[in-house]
Amino acid sequence: MSDYINLIVIIVVITFLFGLFYLNKQNSESKLLFYILSIYFTTEIVTIFSTIYDYNFRFFYNVSVAFQFFLWLALLLNVFKKQKRFVILTFTVLITISFIISDGGFNKTNFLIGSFLYLIIYIYCAFQLLKSEAIAFFQSNQFILISSPILFFLGLSFMFAFKFNGIATTAVFLDLELYQLVNYFVNIIFYSLINIYIFKERKLNA
């Protein structure tokens, strides 16, 4: 694996360990975040094994993405106190796509649909809070948590779209392809925000 991939693996493992030891599992949002981090951690372990043994785990990745978005949407709706039936429907759709459309390959549609749904709900609910002048929420630790995957979802969604025309594989900096550079950047922002949430949550519950 390349150095940039190794660095991302290290970031994922460290964040998972922070979540394991410092997240308050009695808090529903922190519990959902820990489940999400567990999926990311497991996915990285599977990726390492797939690299070592040259085995195709693409179907696992499709199901993993479906579960990730199920949990992120559940967390988002939990924070905004919305009904969760929509999450169950979304999860069913993503799992169905994983089984039917993937054809043994990684299905980018899962990620694109999940990202789109998360962003739409995030923007809609945020505007509702702005209209009600709930300014305190936008200074809260909850807001950091639900905002943490936004750039991650947007960046990778654009890259998956670009992969169809080869732009993502263009070398742009220090022999890194555009996809690698974007992946590196959005992961650092993503996990940095999650770690900020974890440590602020620990301080609030100390």
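What counts, and where the lines are drawn
- Residues numbered from 1 in each chain as written.
- Predicted model: local features only at pLDDT ≥ 70, side-chain atom pairs only at ≥ 80, totals over all residues.
- Heavy atoms only, no water.
- Helix = DSSP H or I, 4+ residues; strand = E, 2+ residues; numbered from the N terminus.
- Buried < 20%, exposed > 50% of the residue type's maximum accessible area, 1.4 Å probe, protein only.
- Patch = residues over 30% accessible without salt bridge, like charges linked within 9 Å, V, L, I, M, F, W, Y side chains within 5 Å.
- Areas by Shrake-Rupley, 256 points an atom, 1.4 Å probe, with all protein chains shown as cover.
- Salt bridge = Lys/Arg side-chain N within 4 Å of Asp/Glu carboxyl O.
- Polar contact = N/O pair within 3.5 Å; in protein donor to acceptor, adjacent residues only side chain to side chain.
- Axes fitted to C-alpha atoms, helices over the stretch in contact; angles between N-to-C directions.
- Parallel < 35°, antiparallel > 145°, perpendicular 65-115°, else oblique.
- Left-handed = near helix turned anticlockwise from the far one by under 90°.
- Nonpolar A, V, L, I, M, F, W, Y, C, P; charged D, E, K, R; others polar.
- Contact = heavy atoms within 4.5 Å.

S.K.: Which residues make up the environment of Lys 81, and what values go with them?
M.R.: Summarising the element assignment, Lys 81 is placed in the loop between α3 (58-79) and α4 (85-100). Given the relative accessible area of 67%, Lys 81 is considered exposed. A C-alpha to C-alpha distance of 9.9 Å links Lys 81 and Cys 125, two positions 44 residues apart in sequence.

S.K.: Explain a nonpolar patch on the surface residue by residue, including any values.
M.R.: Taken together, the side chains of Ile 45, Phe 49, Ile 52 and Tyr 53 present a nonpolar region at the surface, about 430 Å² in accessible area. Looking at the secondary structure, you find Phe 49 in helix α2 (residues 28-53). Under the relative-accessibility criterion, Phe 49 is labelled partly exposed at 43%.

S.K.: Please give an account of the environment of Asn 78 that cites residues and values.
M.R.: The residue Asn 78 is located in helix α3 in this model. For Asn 78, a relative accessible area of 15% translates into the label buried. For the pair Asn 78 and Glu 29, spaced 49 residues apart in sequence, the C-alpha to C-alpha distance is 7.3 Å. For Asn 78, the side chain forms a polar contact with the side chain of Ser 28, separated by 3.1 Å.

S.K.: Tell me about the packing of α2 against α3, and please be specific about residues and values.
M.R.: Running from amino to carboxyl end, α2 crosses α3 at an angle of 165 degrees, the nearest separation of the two axes being 9 Å. When the axes of α2 and α3 are compared, the pair comes out roughly antiparallel. In this structure, the crossing between α2 and α3 has a hand that is left-handed. In terms of residue class, the contact of α2 with α3 is made up of 15 nonpolar, eight polar and one charged.

S.K.: Quick one: what's the story with the side chain of Ser 30, residue by residue and with numbers?
M.R.: The topology assignment puts Ser 30 in helix α2. Classification of Ser 30 by relative accessible area gives buried; the value is 0%. Polar contacts involving the side chain of Ser 30 include one to the side chain of Tyr 197, which spans 3.0 Å.

S.K.: Lay out the packing of α2 against helix α8 (residues 178-204) with the relevant residues and their values.
M.R.: Closest axis-to-axis distance for the α2/α8 pair is 12 Å, and the angle between their directions is 140 degrees. Like other packed secondary-structure pairs, α2 and α8 cross with a definite hand, here left-handed. Of the residues in α8, those touching α2 at Glu 29, Ser 30, Leu 33, Leu 37 and Tyr 40 are Phe 190, Tyr 191, Ile 194, Tyr 197, Ile 198 and Glu 201. Tallied by class, residues from the contact of α2 with α8 come to eight nonpolar, one polar and two charged.

S.K.: Could you give an account of unusual backbone geometry, with specific residues and numbers?
M.R.: Within the chain, Glu 133 stands out as a residue other than glycine whose phi angle is a positive 60 degrees. Its place among the elements puts Glu 133 in the loop between α5 (108-131) and α6 (141-147).

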